[in-house]
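Descriptive analysis of the structure
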Amino acid sequence: VSWRAPIDAIRLSLETAGGLAEDMASGRAGGLTPEDLTGILAEAARFAEERLSPENRRGDKLGSRLEAGVVTTPAGWPALYKAWAEAGWNGVDLPADLGGMGLPTRVATAVMELWTSACMSFALGPVLTQGAVDALEAHADAALKAAYVPKLVSGECTATMNLTEPQAGSDLGLLRTKAEKQADGTYRITGSKIYITYGEHDLTEQIVHLVLARLPDAPAGTRGISMFLVPKLLPDGSRNGVVCTGLEHKLGIHASPTCSMTYDTAVGWLVGEENRGLAGMFTMMNKARLYTGLQGVAVAERALQQATAFAHGRVQGRGPGASEAGPIIAHPDVRRNLMLMRSLTAAGRAVAHRAAAAIDRGQDELAGLLTPVVKAFCSEIGVEVASLGMQVHGGMGYVEETGAAQLLRDARITPIYEGTNGIQAIDLLTRKVLRPGAETPAMEIARCRRIAADAAKRGMAEPGRVLAAAAEALERATDVATARANDQERLLAMATPYLQMFSAVVAGAALTEIALADGRMSEEAAFFALARVAMVPGMLAEVDHGALPSWGAFS
Ligand SMILES: Cc1cc2nc3c(=O)[nH]c(=O)nc-3n(C[C@H](O)[C@H](O)[C@H](O)COP(=O)(O)OP(=O)(O)OC[C@H]3O[C@@H](n4cnc5c(N)ncnc54)[C@H](O)[C@@H]3O)c2cc1C
């Protein structure tokens with residue numbers, strides 16, 4: 001079954017949950033008109049459907065390969081990347097003077113969903129390249145920007161993000177890669193990085209690595225980390241001292257090379273200030289977190305389309321009232337699974353579009369609040385929907401033939417990388433919600449209540465009631481967290497259930513908002529309200545009274 005770009009669903013979500021209709025009408029969308037949007041989405045859909053989507057299975061089967069330090073992506077991918085980049089897709093939300101289209105981040109988010117649904121392994125490279133452009137634009141000096149940003153945007157080179165080391169994953173304070181300053185103002189970088197996405201490949205000649213490292217006199221922990229730009233090829237064209245020494249064999253995203261990188265006195269240039277590297281990397285990570293959440297939505301959409309088509313074709317059993325065997329879509333339980341898949345996918349997409357809107361509108365606090373929600377909630381729904389998709393296929397889903405298994409394998413990384421979802425939950429609760437003076441969490445809850453009341457008034461009584469009760473429970477959970485601000489053990493134990501409550505309420509409100517704008521309660525929104533938002537008050541018990549397992553319980 002071939003995947004089709006879900007243009008109508010994306011557009012409805014962008015225009016309503018993402019507020020793009022309002023921003024286009026009031027001229028706050030960078031001059032974007034509804035006609036432009038139609039054209040861009042159609043163009044992206046064409047490339048994604050015709051060129052990228054056929055590569056999904058092929059890339060999974062062939063994978064990327066390493067021989068003598070050279071990584072080869074599936075045959076044809078270098079030309080594919082060239083064609084994709086030449087169409088301008090690296091610069092959708094960059095200003096025209098950087099070679100970009102100058103469009104809102106919401107539009108970049110919409111097309112990124114299409115690339116990722118079509119072929120996640122291909123789309124991961126551009127995620128890092130676009131994040132690096134943001135980081136360089138925000139933190140690098142003029143010379144470094146001039147030397148690399150235009151080439152990253154045009155597609156002449158790609159970028160990577162080098163944080164992880166064997167002993168430093170979630171805890172970047174432990175990283176050991178060294179940087180030594182030279183008389184000419186450059187630095188020499190020495191150390192080993194692991195799990196570096198697209199650390200080496202044949203899509204472009206040049207690769208720009210953004211590397212976190214430590215100066216000899218740097219303070220310990222995260223306050224002593226600096227960011228460096230280390231190109232694969234030096235300005236004179238010679239090879240820099242960085243090589244790929246291994247490729248991981250992994251569960252999914254087989255065509256995306258996950259590289260071990262060795263830096264041996266490689267020449268690097270400082271990006272931003274010494275010891276302020278983590279702040280610089282966060283610029284890159286914010287975009288990467290939004291796009292990692294989006295990966296969940298993208299894979300979910302593909303799993304949904306595939307499972308729906310399968311359910312129409314597979315004949316097994318008699319549906320209620322039927323006299324002979326028919327397609328499994330006749331079974332209410334199969335349709336229930338499909339509707340759950342649809343509602344989770346739409347919910348994830350709506351939350352991602354809200355976060356992208358906050359970025360576009362310069363609502364930094366709201367964007368900061370929603371970023372961990374998008375990263376964790378959308379990546380979780382990606383795995384859940386891909387797993388439901390496999391379930392709909394029965395045994396045909398578990399064997400590799402149909403591609404349903406690949407979707408689950410590909411989706412499974414998203415709750416892990418870009419900061420594990422546990423870390424996202426802690427970020428949401430301790431740094432965003434409990435930050436002294438934070439106003440947006442209460443504003444979000446008030447907003448959800450308003451949407452609930454609106455729904456109740458406009459003929460959507462049940463979802464409105466469910467959403468109002470969930471908002472109430474979320475407010476109580478926030479009070480519990482506030483009261484526990486000094487009890488680290490219990491506070492940190494409630495972070496994940498708190499994020500789950502928060503996500504369900506925000507997603508439920510966003511879907512209800514779409515339903516209200518559309519003038520009728522969509523089945524997706526109603527289903528999400530009843531299947532997920534209705535669970536939120538029950539989750540308060542886990543947050544409030546949940547027993548905290550002791551270390552002893554695991555000895
Ligand atoms: C396919 C793939 C691609 C990747 N791409 C890149 C890349 O391009 N660049 C890059 O730098 N890295 C990359 N990574 C690394 C990835 O970001 C890390 O794997 C991730 O951040 C987790 O670190 P870790 O694996 O060391 O796990 P750990 O940090 O050891 O975590 C193990 C478990 O402990 C939990 N845990 C750890 N610390 C805490 C805490 N403080 N509170 C609560 N729970 C905690 C985690 O949630 C997790 O469940 C990639 C990884 C993979 C597998």
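Now for a quick tour of the structure. In this convention, every chain numbers its residues from 1, walking through the sequence in written order. Where local features are concerned, this predicted model is filtered to residues with pLDDT of at least 70; where side-chain atom pairs are given and counted, the filter is 80 or more; whole-chain, interface and lining totals use all residues. Side-chain numbers here rest on the full set of heavy atoms in the structure, without hydrogens or water.

Remark: the centre distance and the inter-plane angle together describe each pair of aromatic rings, the angle taken between the planes. In this analysis, rings of Phe, Tyr and Trp, with Trp reduced to its six-membered ring, are considered paired at centre separations within 6.5 Å, and the interplanar angle assigns stacked below 30 degrees, edge-to-face beyond 60, and tilted for intermediate values. Tallied over the entire structure, the rule returns 10 aromatic pairs. Ring geometry for phenylalanine 47 against tryptophan 115: centres 6.3 Å apart, planes inclined by 90°, an arrangement best described as edge-to-face. Pair noted here: phenylalanine 47 is in helix H3 (residues 34-52) and tryptophan 115 is in helix H6 (residues 105-118), with a separation of 68 residues, a long-range link. Take phenylalanine 47 and tryptophan 115: they sit in the same class, and that class is buried. The interplanar angle of 50° and the centroid separation of 6.2 Å between the aromatic rings of tyrosine 81 and phenylalanine 122 together place this pair among those described as tilted. Of this pair, tyrosine 81 sits in helix H5 (residues 77-86) while phenylalanine 122 sits in helix H7 (residues 120-139), and the two are 41 residues apart along the sequence. For the residue pair tyrosine 81 and phenylalanine 122, the accessibility class agrees, reading buried in each case. One aromatic cluster is present, formed by Phe47, Trp77, Tyr81, Trp84, Trp89, Trp115 and Phe122 through successive ring pairs. Numbering of helices and strands starts at the N terminus; helices are DSSP runs of H or I of at least 4 residues and strands are runs of E of at least 2. For every residue, the accessible area (1.4 Å probe, protein chains only) is compared with the maximum for its type, and the residue is labelled buried under 20%, exposed over 50%, or partly exposed between those bounds.

Its place among the elements puts methionine 539 in helix H20 (residues 536-545). Overall, methionine 539 belongs to the buried group, its relative accessible area being 15%. With sequence-adjacent residues up to four places away left out, methionine 539 is seen in contact with Pro497, Gln500 and Met501. By the convention used here, residues are in contact when the closest approach between their heavy atoms is within 4.5 Å.

The subject of this paragraph is the site of the ligand. Any residue with at least one heavy atom within 4 Å of a molecule or strand is counted as near it. Close to the ligand lie 18 residues; Met161, Thr164, Ser170, Tyr195 and Thr420 are nearest. For the purposes of these results, a polar contact is taken to be a pair of N or O atoms within 3.5 Å, where, inside protein, one atom must be able to donate a hydrogen and its partner to accept one; residues adjacent in sequence count only when each atom of the pair is a side-chain atom. One of the side-chain nitrogen or oxygen atoms of threonine 164 is found 2.7 Å away from a nitrogen atom of the ligand. In this structure, threonine 197 approaches the ligand through a side-chain N or O atom, which is 2.8 Å from a nitrogen atom. Residue burial considers only the protein chains on display, and all accessible areas are found by Shrake-Rupley using a 1.4 Å probe. Calculation on the ligand without its partners gives an accessible area of 970 Å², and the protein chains cover 61% of this total. Counting residues per element, the ones that place at least two in the shell around the ligand are strand S3 (157-162), strand S5 (187-197) and helix H14 (421-433). When residues in the shell around the ligand are grouped by element, the largest group, 3 residues, is from S5. In the shell around the ligand, the residues fall into 9 nonpolar, 7 polar and 2 charged. Asp, Glu, Lys and Arg are counted as charged, while Ala, Val, Leu, Ile, Met, Phe, Trp, Tyr, Cys and Pro are counted as nonpolar; the rest, among them Gly, fall into the polar class.

Looking now at the pairing of strand S7 (residues 226-231). In terms of residue burial, S7 counts as a mostly covered element, since 6 of its 6 residues are buried. The two faces of S7 match: Ser226, Phe228 and Val230 on one face and Met227, Leu229 and Pro231 on the other face are all buried. When strand S6 (residues 206-213) meets S7, the two strands line up antiparallel, connected through 6 bridges. Pairing of valine 211 across the sheet is with phenylalanine 228, part of S7. DSSP-based pairing: two strands are paired if at least 2 bridges between them are found.

Bringing the packing of helix H9 (residues 277-313) against helix H13 (residues 404-411) into the picture now. Where H9 meets H13, the axes come as close as 10 Å, and the angle between the chain directions of the two elements is 165°. As judged from the angle between their axes, H9 and H13 are roughly antiparallel. Considering only the axes of H9 and H13, their crossing is left-handed. Residues Val299, Arg302, Ala303 and Gln306 of H9 lie in contact with H13, whose contacting residues are Ala404, Leu407 and Ala411. For the contact of H9 with H13, a count of residues per class yields 5 nonpolar, 1 polar and 1 charged. Orientation is described by lines fitted to C-alpha atoms, with helices fitted over the stretch in contact, and by angles between N-to-C directions that extend from 0 to 180 degrees. Should an angle lie under 35 degrees it is considered roughly parallel, over 145 roughly antiparallel, and from 65 to 115 roughly perpendicular; all remaining angles are considered oblique. Handedness of a crossing is defined here by the sense of rotation of the near helix relative to the far one, left-handed for an anticlockwise turn of less than a right angle and right-handed for a clockwise turn.

Turning our eyes to something else, we now look at the nonpolar core. In terms of nonpolar packing, the biggest core is built from 135 residues, with Leu32, Trp115, Met341, Tyr498 and Met501 touching the most fellow members. No other element matches helix H11 (residues 364-393), which puts 16 residues into this core. For tyrosine 498, the contacting residues outside a window of four places in its chain are Leu428, Leu429, Val433, Leu474, Ala477, Thr478 and Val543. For the purposes of this section, nonpolar cores are sets of buried Ala, Val, Leu, Ile, Met, Phe, Trp, Tyr and Cys residues that join through side-chain atoms within 4.5 Å.

With that out of the way, let us pick up the pattern of salt bridges. One side chain can pair with another of opposite charge once the charged atoms of both are near each other. When a carboxyl oxygen of Asp or Glu lies within 4 Å of a side-chain nitrogen of Lys or Arg, that pair is called a salt bridge. Here the structure, examined in full by the defined rule, presents 30 salt bridges. One salt bridge in this structure joins aspartate 360 and arginine 106, with 2.7 Å as the shortest N-O distance. On the criterion of sequence distance, the pair formed by aspartate 360 in helix H10 (residues 332-360) and arginine 106 in helix H6 is long-range, its members being 254 residues apart. Assessed through its relative accessible area of 26%, aspartate 360 is described here as partly exposed. Look at the salt bridges and you will find they share partners, linking Glu22, Asp23, Arg28, Arg106, Asp360 and Arg361 into a network.

So, about the packing of helix H18 (residues 495-518) against helix H19 (residues 523-531). Taken N-terminus to C-terminus, the directions of H18 and H19 make an angle of 155°; their axes are 9 Å apart at the nearest point. As the angle between them shows, H18 and H19 are arranged roughly antiparallel. In the packing of H18 onto H19, the handedness of the crossing is left-handed. In this structure, H18 contributes Ala504, Ala507, Gly508, Leu511 and Ala515 to the contact, and H19 contributes Glu524, Ala525 and Phe528. Classifying every residue of the contact of H18 with H19 by side-chain character gives 6 nonpolar, 1 polar and 1 charged.

What a helix is expected to span follows from its residue count: subtract one and scale by 1.5 Å. With 29 residues, H10 extends 42 Å from end C-alpha to end C-alpha; this agrees with the ideal 42 Å at 1.5 Å per step. In terms of burial, H10 is largely enclosed, as 22 of its 29 residues are buried. Glycine 362 sits one or two residues past H10 and shows a positive phi near 70°.

Geometry only, nothing functional implied.
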